[in-house]
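The primary structure of each chain is shown beneath.
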Amino acid sequence: NFITRLSALCLRKSKMQQRHQSSRQPAVPLGSRILTDPSKVFEHNMWDHMQWSQEEEENAKQKAAENSLVKVQQEDQDKYEREASKYWNEFYKTHKNNFFKDRNWLFLEFPEILPEKRRGELKTQESSSEHTQINSTNSFSHKNEMFEEGEKYWKKIYGCGSTSVQGYVYNKNQAKSLADNPQGKNCGEELGRLESFPGSDATYRILEVGCGAGNSVFPILKVLCNTPGTFLYCCDFASGAVELVKSHSSYNSAWCSAFVHDVCDDALPYPFPDEILDVILLVFVLSTIHPDRMQGVVNRLAKLLKPGGMLLFRDYGRHDTAQLRFKKGHCLSENFYVRGDGTRVYFFTKDEVWNMFNLAGLTEVQNLVDRRLQVNRKKKVKMQRVWIQSKFQKPL
């Protein structure tokens, strides 16, 4: 028992060096609350870095095999694929923005969302204050002041009429020089194309794919509205979800552009050029797409990243409790299921994730299996949660 406690302490200390500490959230990637005494399992709602025994692994495989025995009829499978947006629209019509909690953990697991300078500022803020901007309530207490400060910054640095060429911001005179340069015909053409899209003046651009009701959008905007030069795009193929985002009191087109988009449709253009994004956020989205179409989606998203850009991924892992709870007759194909409301979900392995992003030309920065024990203390129920968390970068 002493050795177990000592090992857990060493693990906790070694992990703490990997990320800045916060008084409100776990201070290391994937958390630092280690269960060392099984009798205390119901003292917290979640335990991190869980290790499964061989027996638990085998039981999970058996349950997944059993609930996969009866497949959904092909005719119904075709309907779920064809009408996928309808089912998600019905989901958001029913639940609006009350189903998912805001993802205030994003900056802890994915600090790469922000420009490097801003990450350092947030670390300083967190270490000096118990009430950080990231973990504050949903209200924008000083939203207008922040927007005005950002606009003053742009006018001071770039003048009233700035534009962007290939990710760089120029004032009017600089842009004219580029367009008039006889050796820079392509730059002039690029300038004309870039002037018209939302966020063209930004120097740091983020896209969230599958934004839903904005549970990632608004935690990100809390920080972006005080970070001049940044812009957030967010899309969903459920028009009802996009409307929820646009109607939110904290939505502002000066810092964000929400649009309806089906990422499975390769022919559908994005409202901005390729290779301009610094970050793509893909959180619990790829699992909703048919496995046969996932690679095409990842390939297309990779083209949107600028060299050095990051794709940040988090989704359901193989043998998560959500997978094992499915009853027979809900399985569409191996590890792919349909819920009672018609929405679908796939459960990944980290090797599958690595293969997809590697084939798209991205290189691994992080690719982890996140195993946690989630506890319902009132009902005395334990649930083994499994997620995949990954970071992939486009080569320079």
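Provided above is the structure to which this section pertains.
Model, not experiment: these values are computed from the prediction.

Caption draft 1: Molecular detail of the sheet that holds strand β9 (residues 331-333). Pairing is antiparallel in the open sheet, where three strands are placed in the order β9-β10-β11. Edge positions in the sheet fall to β9 and β11 (344-346), since each of these pairs with one other strand and no more. On average, each strand axis in the sheet is inclined to that of its neighbour by 30°, with strand direction left out of account. Looking at chain direction, β9 and strand β10 (residues 336-338) are connected through two bridges and run antiparallel. Of the residues in β10, the one forming a bridge with C331 is Y337.

Caption draft 2: Expanded view of the pattern of salt bridges. Taken as a whole and judged by the stated rule, the model has 13 salt bridges. Among the salt bridges present, the one from R372 reaches E109, with a minimum N-O distance of 4.0 Å. Here R372, found in strand β12 (residues 363-376), pairs with E109, found in helix α5 (residues 106-109); they are 263 residues apart in sequence, far enough to count as distant. Given the relative accessible area of 11%, R372 is considered buried. By relative accessible area, E109 is classed as buried at 9%. Where D274 meets R300, a salt bridge forms, and the shortest distance between an N and an O atom there is 3.2 Å. Of this pair, D274 sits in the loop between β6 (256-260) and β7 (277-283) while R300 sits in helix α12 (residues 291-304), placing them 26 residues apart in sequence. The exposure class assigned to R300 is buried, which follows from its relative accessible area of 15%. Here the residues in one salt-bridge network are E109, R314, D370 and R372, joined through shared partners.

Caption draft 3: Region of interest: the pairing of strand β4 (residues 204-209). Burial within β4 is extensive, with six of its six residues counted as buried. Side chains of β4 alternate between two faces, with Y204, I206 and E208 and R205, L207 and V209 buried alike. Here β4 runs beside strand β5 (residues 230-236); their pairing, made up of six bridges, is parallel. What sits directly across from V209, in β5, is C235. For the crossover from β4 across helix α10 (residues 217-224) to β5, the handedness is right-handed. The pairing of β4 with β7 spans three bridges and is classified as parallel. Bridging across to β7, I206 finds its partner in V279.

Caption draft 4: Quick peek at helix α11 (residues 239-246). All buried positions along α11 are accounted for by A241, V242, L244 and V245. The arc enclosing the buried residues of α11, seen along the axis, measures out at 155°, which places them on a common side. Looking at the buried residues of α11, the elements they touch are α4 (84-95), α10, β5 and β6.

Caption draft 5: Layout of the layout of surface pockets. Estimated volume of the second largest pocket: approximately 420 Å³. Around the second largest pocket, the lining comprises 19 residues; the ones closest to its centre are E56, K63, K382, M383 and Q384. Secondary-structure elements contributing two or more residues to the lining of the second largest pocket are α2 (54-67), α13 (321-324) and β13 (381-393). A total of four residues in the lining of the second largest pocket trace back to one element, the largest contributor, which is α2. For the lining of the second largest pocket, a count of residues per class yields nine nonpolar, five polar and five charged.

The rules behind these values
Residues numbered from 1 in each chain as written. Predicted model: local features only at pLDDT ≥ 70, side-chain atom pairs only at ≥ 80, totals over all residues. Heavy atoms only, no water. Pairing = 2+ DSSP bridges. Helix = DSSP H or I, 4+ residues; strand = E, 2+ residues; numbered from the N terminus. Axes fitted to C-alpha atoms, helices over the stretch in contact; angles between N-to-C directions. Salt bridge = Lys/Arg side-chain N within 4 Å of Asp/Glu carboxyl O. Buried < 20%, exposed > 50% of the residue type's maximum accessible area, 1.4 Å probe, protein only. Right-handed = clockwise from strand over helix to strand, strands pointing away. Arc of directions from axis to C-beta. Contact = heavy atoms within 4.5 Å. 1 Å grid on protein atoms, 1.4 Å probe; cavity = no way out; pocket = protein on both sides within 12 Å on 5 of 7 lines; lining within 4 Å. Points joined across faces, edges and corners; volume = space filled by probe spheres on them. Nonpolar A, V, L, I, M, F, W, Y, C, P; charged D, E, K, R; others polar.

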